[in-house]
Amino acid sequence: MTGKAKPKKHTAKEIQAKIDAALTNRGGGKAGIADRTGKEKGGHAKFECPHCKITAPDLKTMQIHHESKHPKIPYEESKLVNLHAVLAPVAESKPKPGIRGSLKK
């Protein structure tokens, strides 16, 4: 009868996947909103196709997408949705109230 080998607890691939997941921005929270709207970095899904709602970072990429996926529909730049203009946070006109401290003395 042969001996039983102990299985490894974690493989190198599994450890590397954990490190990657911990150190890579996956797009959540306030940093994720800034990344998705592309205001700070100047890219990241700026245009949206009006037909299939897929996003592209620039006009040339959107034109290539349109020619390959929608060849029977004429390409019109005016119909593209600019997500930077739509998803940009709107500045509030009135100021927020200040935080009041405790009434206890």
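Residues numbered from 1 in each chain as written. Predicted model: local features only at pLDDT ≥ 70, side-chain atom pairs only at ≥ 80, totals over all residues. Heavy atoms only, no water.

Colleague: What's the story with the nonpolar core in this structure? I'm lost.
Modeller: What tends to happen in soluble globular proteins is that the nonpolar side chains get buried as a cluster. Counting residues in each nonpolar core, the largest one holds five residues, listed as Phe47, Cys49, Ala56, Met62 and Leu80. Not counting chain neighbours up to four residues away, the residues in contact with Met62 comprise Phe47, Glu48, Cys49, Ile54, Thr55, Ala56, Tyr75 and Leu80. (Core = buried A, V, L, I, M, F, W, Y, C linked by side-chain atoms within 4.5 Å. Buried < 20%, exposed > 50% of the residue type's maximum accessible area, 1.4 Å probe, protein only. Contact = heavy atoms within 4.5 Å.)

Colleague: Is there a simple way to think about the sheet that holds strand 1 (residues 47–48) in this case?
Modeller: Taken in spatial order, the three strands make up an open sheet running 2-1-3, and their pairing is antiparallel. The open sheet has two free edges, formed respectively by strand 2 (55–56) and strand 3 (81–82), since each of these has just one partner strand. Here two bridges tie strand 1 to strand 3, and the two strands are oriented antiparallel to one another. Following the sheet pairing, Glu48 is matched in strand 3 by Val81. (Pairing = 2+ DSSP bridges. Helix = DSSP H or I, 4+ residues; strand = E, 2+ residues; numbered from the N terminus.)

Colleague: Explain unusual backbone geometry here, please?
Modeller: Where the residue is not glycine, phi is negative for most of them; where a peptide bond is considered, it is trans in most cases. For Lys53, which is not a glycine, the phi torsion comes out positive at approximately 65°. Its location among the elements puts Lys53 in the loop between strand 1 and strand 2.

Scope: geometric values only; no functional claims are made or implied.
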